[in-house]
Amino acid sequence: MSCRACPPHLYREDVMEQIEDQLALETDLVSPSVYENRLTECASCTSLHDKTTCMHCGCFVQFRAKLSYKHCPHPEGSRWEEGDGL
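So, here's what we can say about the structure.

Parameters at a glance
Residues numbered from 1 in each chain as written. Predicted model: local features only at pLDDT ≥ 70, side-chain atom pairs only at ≥ 80, totals over all residues. Heavy atoms only, no water. Salt bridge = Lys/Arg side-chain N within 4 Å of Asp/Glu carboxyl O. Helix = DSSP H or I, 4+ residues; strand = E, 2+ residues; numbered from the N terminus. Buried < 20%, exposed > 50% of the residue type's maximum accessible area, 1.4 Å probe, protein only.

Scanning the model with the defined rule gives one salt bridge in all. With a shortest N-O distance of 3.7 Å, Glu 41 and Arg 79 are connected by a salt bridge. Of this pair, Glu 41 sits in helix α2 (residues 32-43) while Arg 79 sits in the segment after α3 (61-64); the two residues are 38 residues apart in sequence, bridging distant segments of the chain. A relative accessible area of 30% places Glu 41 in the partly exposed class. Here Arg 79 falls in the partly exposed class, since its relative accessible area comes to 29%.

The quantities given are spatial measurements derived from coordinates; they are silent on function.
This is the structure in structure tokens:
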């Protein structure tokens, strides 16, 4: 699967605001430390596009990493620690 393929100027300014708005509706979130660990793993992944988008699932990593019921979709196996969101 590929990334969203949107030109960066279409979402860069508003992406964090959109993510925060959606996360305000979610109830099953990971702790701040787990979130930071997940983002650190994403940041070092070669499949991260433009510092925001996972090229395996098309998600904004800042959103996906905050949800406890999500996992890293890397085809070689999750880069996030096992059970970090549970």
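Don't stop here, the text continues.
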